Amino acid sequence: VTKTLETVSVEASTKSVQLKALALEFMDVAYVQANEVAVAAVTNFERAAPQYTGLVPKTLGNVVLFCIFMLVVLKIALFVLRLVLGVTTCVVCCVCCCSCLRRGSSATAKNGKKASKVVEEKGKAAKGKVEAKATAGKKK
């Protein structure tokens with residue numbers, strides 16, 4: 001029984017080493033192909049924009065780092081743009097809306113009371129008329 005366990009253990013470790021070697025072989029093939037694609041992309045970019053020649057080295061790792069860097073810069077730029085637009089919108093809204101509200105609320109009635117007090121008084125008067133009509137309707 002111990003011999004069979006030892007042979008199984010040796011075979012398993014042998015298969016494990018073979019599997020790791022096969023995985024490394026496939027990873028090397030995939031890396032070479034991905035590196036070729038990165039070199040082609042950088043070459044096409046440099047051909048399209050010659051003023052940026054040599055900006056990004058022609059390796060897969062450098063292309064990935066450059067893309068991550070550009071995404072971070074783009075995210076920060078969009079955050080700043082959103083912040084500026086929000087502040088601008090707030091300021092414009094405050095200037096436009098508050099000035100319009102001030103103009104409407106500063107109107108005074110003929111007797112010197114503010115418009116809001118006049119509206120309250122008219123509301124009380126209207127309420128009294130409605131109650132008077134309700135009581136008159138109940139008497140009939």
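**Q** Explanation requested: the overall build of the protein chain in the structure shown.
**A** The helix and strand tally for the protein chain stands at three helices and zero strands. When the 140 residues of the protein chain are sorted by exposure, 5% land in the buried category. Across the protein chain, contacts joining residues at least 24 apart in sequence account for 17% of those joining residues at least 6 apart. Accessible surface computed for the protein chain: about 12,200 Å², of which carbon and sulfur atoms make up 70%.

**Q** Looking at this structure, how should I read the state of the cysteines?
**A** If you walk through the whole model with that rule in mind, you get zero disulfides. Cysteine Cys96 shares no disulfide, and the gap to the nearest cysteine sulfur, in Cys97, comes to 6.5 Å. Note on Cys96: relative accessible area 40%, which makes it partly exposed. With no disulfide partner, Cys97 has as its closest neighbouring cysteine sulfur the one in Cys93, 3.6 Å distant. Residue classification places Cys97 among the partly exposed residues on the basis of a relative accessible area of 39%.

**Q** Sorry if this is basic, but what is going on with the side chain of Glu46 here?
**A** Following the sequence through the fold, Glu46 ends up in helix α1 (residues 2-48). Glu46 has contacts with Tyr52, Thr53, Gly54, Val56 and Lys58, leaving out every residue within four places of it along the chain.

**Q** How do you make sense of the packing of aromatic side chains when you look at a structure like this?
**A** For any pair of aromatic rings, the description rests on two quantities: the centre-to-centre distance and the angle between the ring planes. Counting across every chain of the model gives one aromatic pair. Aromatic side chains Phe45 and Tyr52 sit 6.1 Å apart centroid to centroid with 25° between the ring planes, which places their arrangement in the stacked category.

**Q** What is the right way to read a nonpolar patch on the surface from this model?
**A** Taken together, Val64, Ile68, Val72, Ile76, Phe79, Val80, Leu83, Val84, Val87, Val91 and Val95 make up a surface patch of nonpolar side chains, about 980 Å² in accessible area. Mapping Val80 onto the fold places it in helix α2 (residues 60-105).

**Q** What am I meant to see in the confidence of the model for the protein chain here?
**A** Detailed reading of the predicted model is not advised wherever pLDDT is low. Scored by pLDDT, the protein chain has a mean of 83; 70% of the residues are at 70 or more. Across the protein chain, element-level confidence peaks in α1 with a mean pLDDT of 93 and bottoms out in helix α3 (residues 115-139) with 62.

The rules we used
Residues numbered from 1 in each chain as written. Predicted model: local features only at pLDDT ≥ 70, side-chain atom pairs only at ≥ 80, totals over all residues. Heavy atoms only, no water. Helix = DSSP H or I, 4+ residues; strand = E, 2+ residues; numbered from the N terminus. Buried < 20%, exposed > 50% of the residue type's maximum accessible area, 1.4 Å probe, protein only. Contact = heavy atoms within 4.5 Å. Areas by Shrake-Rupley, 256 points an atom, 1.4 Å probe, with all protein chains shown as cover. Disulfide = S-S within 2.5 Å. Phe/Tyr/Trp six-rings, centres within 6.5 Å; stacked < 30°, edge-to-face > 60°. Patch = residues over 30% accessible without salt bridge, like charges linked within 9 Å, V, L, I, M, F, W, Y side chains within 5 Å. Salt bridge = Lys/Arg side-chain N within 4 Å of Asp/Glu carboxyl O. pLDDT = per-residue confidence, 0-100.

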